[in-house]
Amino acid sequence: MRTRLAAVAALVVGGLLLVAPGAAAHPLGNFSINHLTYVRVSADRISLRYVLDQAEIPTFQERGLPPGAILARKREEVLRNLAVTAGGRRLPLSALPGATISFPPGQGGLRLTRVELPLTAARAPSAGRVVVHDGTFPGRVGWKAIVPRPGSGTSVRTAAQTGDPTNGLRAYPTAAIQSPRDQRDASFDVRPGHGSLTAPRGEGGPAQTTTNRSGDGFAGVFQRALAGHGLLVFLFLAAFGWGALHALSPGHGKAMVAAYLVGTRGAARHAAALGAIVTATHTAGVFALGLVTLLLSALIVPEQLYPWLTLASGLMVLVVGAGVLRSRIRAARRRRVHAHHHAHDHHHHEYGDRITARGLLAMGASAGLIPCPSALVVLLGAISQHRVPLGMLLIVAFSLGLAATLTGLGLAVVYAGKLTARLDFGGRVVSALPVVSALVIVGAGVVLSARAIPQLL
């Protein structure tokens, strides 16, 4: 009966994973620092306009500074790291009047930062090559682009695209959100002319605006709570629901939890324990990352911790999977020996290794180790609005929702066989299932680790 249970559970879980919807994607993320530079090469000067769109979390890290100080800091960063060369010689940049800074509303009661800086680099009228290199904000995630515009008294050719699908970093193309443009260099072949520009047009298409970058809607629940819209119990349930939906998005341990329970002598208490561990780990991870953002932002860029957390999660899963695979291979060998001597002894048709406390802890921790950025936004928003207890309550509700989905999946694995006990699956399928499920765990660990390593190099 156990063999039939595990086989059917594997099929049911596989179907659930295939049809599970992903969480909604939003522009570029709460950590992002997005910037682009418009460039006009004229006969007597090079005119540039640098635009910055900074998300909620880096904006929060500059709290307490007056707008003028923030603008001066951004101007200094640009003048130091935006390089314009002509004929192999770097040209000095000068800031022009007309710089602006604004703080559009973001998610979770936090603000965004938008800066526009007009710049100029004087040059003698001559033919040659002009190169622009944007070295501002190195190592930060976000959209980067250099966009050419026609000058005067010149004929310019460039491979840089003239199209700006972001409308000056106000909206981002939906198709490019997962792999935003990362163009920091552009060269321009300049000749005397009448203001012509030869360049690729570039892409367009539908876009998402910068005012909806919370991750999965969870931060919107906190905003409604701040505004006093809705009873607290309903807001708690809404946060719980967003957490449950968030668990259905890729990378939240569904396959790992299912594969760990398939082929083992799992019980309802094991599925519940996994949920509790996920809740505790995710909540602690959000608070820990919040402390890093508050206290160590000058030393550590918070989003750079995510690859390390992903690597740690992957290695934990890999170790657990390797241990499970080894024990299941040994169990399969013992089963073949017993089957040879006791062909009709059904007791020896049971398979699988017992769930250990260490393996259960590692699996639950790996599923909850990577905190959701929108939960971090809620925490920082609660701090900025002096509503920390409310933020903590909603974060716990969100984590409970995340754990509820994984617990429900575990319970489906444990109890699926009670409804399908009479189904007969081939002996080879039953024998192979424990090893296959262990290989799924190992594969998940390899994928997580492989995903993190390129981001660390």
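Residues numbered from 1 in each chain as written. Predicted model: local features only at pLDDT ≥ 70, side-chain atom pairs only at ≥ 80, totals over all residues. Heavy atoms only, no water.

1. Some thoughts on the overall build of the protein
Here is step 1: In terms of regular secondary structure, the protein is built from 12 helices and 14 strands.
Here is step 2: Of all 457 residues assigned to the protein, the portion counted as buried reaches 49%.
Here is step 3: Of the contacts formed within the protein by residues at least 6 apart in sequence, a portion of 83% connects residues at least 24 apart. (Helix = DSSP H or I, 4+ residues; strand = E, 2+ residues; numbered from the N terminus. Buried < 20%, exposed > 50% of the residue type's maximum accessible area, 1.4 Å probe, protein only. Contact = heavy atoms within 4.5 Å.)

2. Side note on a nonpolar patch on the surface
Here is step 1: Together, Val233, Phe234 and Leu237 give the surface a local cluster of nonpolar side chains, amounting to about 310 Å² of exposed area.
Here is step 2: By the secondary structure assignment, Phe234 is in helix H5 (residues 232–246). (Patch = residues over 30% accessible without salt bridge, like charges linked within 9 Å, V, L, I, M, F, W, Y side chains within 5 Å. Areas by Shrake-Rupley, 256 points an atom, 1.4 Å probe, with all protein chains shown as cover. Salt bridge = Lys/Arg side-chain N within 4 Å of Asp/Glu carboxyl O.)

3. So, the packing of helix H7 (residues 268–295) against helix H9 (residues 357–368)
Relative placement of two packed helices is described by the angle separating their axes and the distance separating the axes.
Here is step 1: Two elements in contact, H7 and H9, have axes whose closest approach is 8 Å; the angle formed by their N-to-C orientations is 45°. Classified by the angle between their axes, H7 and H9 sit oblique to one another. When the axes of H7 and H9 are compared, the crossing they make is right-handed. Along the contact surface, H7 presents His270, Ala273, Leu274, Ile277, Val278, Thr281 and His282, while H9 presents Leu360, Leu361, Met363, Gly364, Ala365, Ala367 and Gly368. (Axes fitted to C-alpha atoms, helices over the stretch in contact; angles between N-to-C directions. Parallel < 35°, antiparallel > 145°, perpendicular 65-115°, else oblique. Left-handed = near helix turned anticlockwise from the far one by under 90°.)

4. A short note on helix H3 (residues 67–81)
Here is step 1: Across its 15 residues, H3 extends 21 Å between first and last C-alpha, which sits within 8% of the 21 Å expected from 1.5 Å per residue.
Here is step 2: Among the residues making up H3, those that are buried are Ile70, Leu71, Lys74, Glu77 and Val78. Looking straight down H3, one finds that the buried residues subtend no more than 125° of arc, so they occupy a single side.
Here is step 3: Elements in contact with the buried residues of H3: strand E2 (45–54), strand E3 (82–86), strand E6 (100–102) and strand E7 (113–122). (Expected span 1.5 Å × (residues − 1). Arc of directions from axis to C-beta.)

5. Regarding the pattern of salt bridges
Here is step 1: Counting across every chain of the model gives 10 salt bridges.
Here is step 2: Here Asp189 makes a salt bridge to Arg129, at a shortest N to O gap of 3.1 Å. With Asp189 in strand E12 (residues 185–192) and Arg129 in strand E8 (residues 128–134), this pair connects stretches of sequence that are 60 residues apart.
Here is step 3: Lys144 is the partner of Asp182 in a salt bridge, and the nearest nitrogen-oxygen pair spans 4.0 Å. Here Lys144 lies in strand E9 (residues 144–149) and Asp182 lies in the loop between strand E11 (171–173) and E12, a separation of 38 residues in the sequence.
Here is step 4: Judged by its relative accessible area of 54%, Asp182 is exposed.
Here is step 5: A cluster of three or more residues bridged by salt bridges with shared partners is formed by Arg49, Arg114, Glu116 and Arg170.

Read these as geometric descriptors, not functional statements.
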